[in-house]
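Listed below, chain by chain, are the residues.
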Amino acid sequence: MIGVSPSPLKKCPYCAEMILAEAKGCRYCHEVVDPSWREPHASAEATTRTRRHRGIAAILSLVIPGAGQMYRGKIGWGLVWLVFTVVAYTVFGGRW
Ligand SMILES: [Zn+2]
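Notes on the structure follow. What you are looking at is a predicted structure, and each value in this text was computed from that prediction instead of being measured.

To continue, consider the overall build of the chain. Tallying secondary structure elements over the chain gives three helices and two strands in all. For the chain, the α and β elements follow one another from N to C terminus as β-β-α-α-α. Burial status across the chain gives 6% buried among its 96 residues. Here the analysis covers contacts within the chain between residues at least 6 apart in sequence; of these, 0% occur between residues at least 24 apart.

Rendered as structure tokens:
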């Protein structure tokens, strides 16, 4: 038998059109069908999330001295900074 190949088509999960089984994207709705093409986006999201956490820590340490360290899990060091700042404010009376 000539011309018989093992089912080279698959159903698009987005628009239900029949597309090539090896297709990375759907030619009807232009959605990315191959899951390996979606993974880089997911890891990029995770990187952004980590960066955002670092940003929150930086902002916290600006508003409340030591809070950034506490946010990152170094509670002891954060408390030392907090006490130091309170003592400094008390000693210098907010003149600086
Ligand atoms: Zn589609």
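Still more ground to cover, so stick around.
All right, on to unusual backbone geometry then. A positive phi angle, close to 65°, is found at A16, a residue other than glycine. Along the chain, the position of A16 falls in the loop between β1 (9–11) and β2 (18–20). Residues other than glycine seldom take positive phi values, yet H30 does so here, at roughly 65°. With respect to the secondary-structure elements, H30 resides in the loop between β2 and α1 (39–63).

This paragraph deals with the environment of L79. With respect to the helices and strands, L79 occurs in helix α3 (residues 75–92). The partly exposed category is assigned to L79, around which 13 C-beta atoms lie within 10 Å. The sequence separation of L79 and P65 amounts to 14 residues, and the corresponding C-alpha distance is 9.0 Å.

A separate point is α3. Counted at 1.5 Å a residue, the expected span for α3 with its 18 residues is 26 Å, and the 26 Å between its end C-alpha atoms agrees. Little of α3 is tucked away, with one of its 18 residues classed as buried. Two residues or fewer past α3, G93 is found with a positive phi of approximately 60°.

About the thresholds
- Residues numbered from 1 in each chain as written.
- Predicted model: local features only at pLDDT ≥ 70, side-chain atom pairs only at ≥ 80, totals over all residues.
- Helix = DSSP H or I, 4+ residues; strand = E, 2+ residues; numbered from the N terminus.
- Buried ≥ 20, exposed ≤ 12 C-beta atoms within 10 Å, placed from the backbone.
- Contact = placed C-beta atoms within 7 Å.
- Expected span 1.5 Å × (residues − 1).

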